[in-house]
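Remarks on the overall topology
Spelled out, the chains give:
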Amino acid sequence: MQEFDFYAANTLDELLRLLAQSGGRVIAGGTDVLVQAQRGVFPASVLVDASRVRELRFIGQDGETIRIGALTTYADILASPLLRETAPALVMAAATVGAPQTRARGTLGGNIANASPAGDTLPPLLTLDATVRLVKRGGERVLPLAEVLCGPRQTCLEPGEIIHSVAFRRPSQPTGAAFLKLGNRQGMAIAVVNVAVSLPLDDDGRIAGARVALGAVAPTPVRSPRAEAVLYGQSLNDDVLERAAQAVLYDIAPITDVRGSADYRRKAAVRLTARALRLAAQQIREGAQA
Ligand SMILES: Cc1cc2nc3c(=O)[nH]c(=O)nc-3n(C[C@H](O)[C@H](O)[C@H](O)COP(=O)(O)OP(=O)(O)OC[C@H]3O[C@@H](n4cnc5c(N)ncnc54)[C@H](O)[C@@H]3O)c2cc1C
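As the structure is a prediction and not an experimental result, all values here were calculated from the model.

**Remarks on the overall build of the protein**
A count of helical and extended segments in the protein gives 12 helices and 14 strands. Compactness check: the protein gives a C-alpha radius of gyration of 19 Å against a globular reference of 19 Å for 290 residues, within 12% of the reference. Scored against the burial criterion, the 290 residues of the protein give a buried share of 49%. Excluding contacts between residues fewer than 6 apart, the proportion of contacts in the protein whose partners are at least 24 apart in sequence is 61%.

This is the structure:
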């Protein structure tokens, strides 16, 4: 086990000051940090505990904008009526993460900062066009999520900078949204492929501005502009959904690793996307009948 100098912050100001002074890195829920520390590969020797900073743990609405604090846990996401209504794919993703213990400790900010290509909250956040608020002592910036994720386990965060929160606009109605994950076992599985989709309909019942995002099939989770273009302006029918699912092949570049071959991932990405799109379409149809 790696050894660390350890500081604990009680407020956001204190957290930013301790990070600036020590050159350390944040520990939030610790579910990734401790695994990496056990392997001796965590890239810092100073940890600053953020878990008591209450200002970073919230889910709220500000006009049409939904904001989620970085310290929000998976259990918080699952318990939120606001997120069930406005971000159902994110809630579906949170439900698949680890075990109850992982969901009680693991945080949204930690999932983003860990920047795993297979991170389960990342495709749903991409389909929501989420932005990330980054803060450090004396400054802040807001970036689209895709610009925060720079490569496998790499973010664009500067030294001393933390993820404060994410934000997205409340989707227009009616919108169908879904998240699906293929793992190598039933529970506690890291994704071989994960997919999130969002299908907003315009007043004429045509698909307006669909989003399709996939994880574990490229160096970072990615949107599929080709699939989104196939869906644009179309009515909800199975042929269109199937053609959109096939189009994800143009936007992914999977590798072979211990969890699956590149070829398996390509086939799984198409099938999983088709299922997610059908699920989202079914939600809209059921909503229309209700
Ligand atoms: C048993 C087990 C099962 C798991 N299953 C899944 C799964 O199914 N799907 C999945 O996606 N993940 C899974 N994970 C990984 C992990 O739980 C998530 O990535 C979790 O969201 C990390 O959050 P955390 O608060 O524990 O982060 P930590 O471990 O505290 O931190 C992770 C990284 O993020 C940085 N960090 C944390 N918060 C911030 C912040 N606010 N600003 C800047 N940097 C920050 C840390 O410095 C560190 O580099 C699993 C982990 C375990 C141990």
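That was the structure; now back to the text.
**Focus on the environment of Ala 115**
With respect to the secondary-structure elements, Ala 115 resides in the loop between helix H7 (108-114) and helix H8 (122-127). When the C-alpha atoms of Ala 115 and Val 230 are compared, they prove to be 29 Å apart, with 115 residues separating the residues in sequence.

**As for the domain arrangement of the protein**
Think of interface size as the accessible area that goes away when the parts come together; that is how it is often given. Split by domain assignment, the protein resolves into domain 1 (5-49), domain 2 (59-169) and domain 3 (175-284). When domain 2 packs against domain 3, the two sides together hide about 1,700 Å² of surface, and 69% of this comes from carbon and sulfur. The interface formed by domain 2 and domain 3 holds three salt bridges in total. As a salt-bridge pair, Asp 129 and Arg 223 come within 3.5 Å of each other at their nearest N and O atoms. Connecting domain 2 to domain 3 are six residue pairs in polar contact (both at pLDDT 80 or more).

**Some words on the layout of surface pockets**
In this structure, the second largest pocket occupies an estimated 520 Å³ of space. Looking at the second largest pocket, it is lined by 28 residues, and the ones nearest its centre are Leu 128, Pro 171, Ser 172, Thr 175 and Ser 198. Among the secondary structure elements, those contributing two or more residues to the lining of the second largest pocket are helix H4 (81-86), helix H5 (88-96), strand S10 (162-169), strand S11 (175-182), strand S12 (193-200) and helix H12 (262-289). Top element by residues in the lining of the second largest pocket is H12. It accounts for four residues.

About the cut-offs
Residues numbered from 1 in each chain as written. Predicted model: local features only at pLDDT ≥ 70, side-chain atom pairs only at ≥ 80, totals over all residues. Heavy atoms only, no water. Helix = DSSP H or I, 4+ residues; strand = E, 2+ residues; numbered from the N terminus. Rg over C-alpha atoms; globule rule 2.2 N^0.38 Å. Buried < 20%, exposed > 50% of the residue type's maximum accessible area, 1.4 Å probe, protein only. Contact = heavy atoms within 4.5 Å. Domains from an automatic or database assignment. Buried area = accessible area lost by both parts, 1.4 Å probe. Salt bridge = Lys/Arg side-chain N within 4 Å of Asp/Glu carboxyl O. Polar contact = N/O pair within 3.5 Å; in protein donor to acceptor, adjacent residues only side chain to side chain. 1 Å grid on protein atoms, 1.4 Å probe; cavity = no way out; pocket = protein on both sides within 12 Å on 5 of 7 lines; lining within 4 Å. Points joined across faces, edges and corners; volume = space filled by probe spheres on them.

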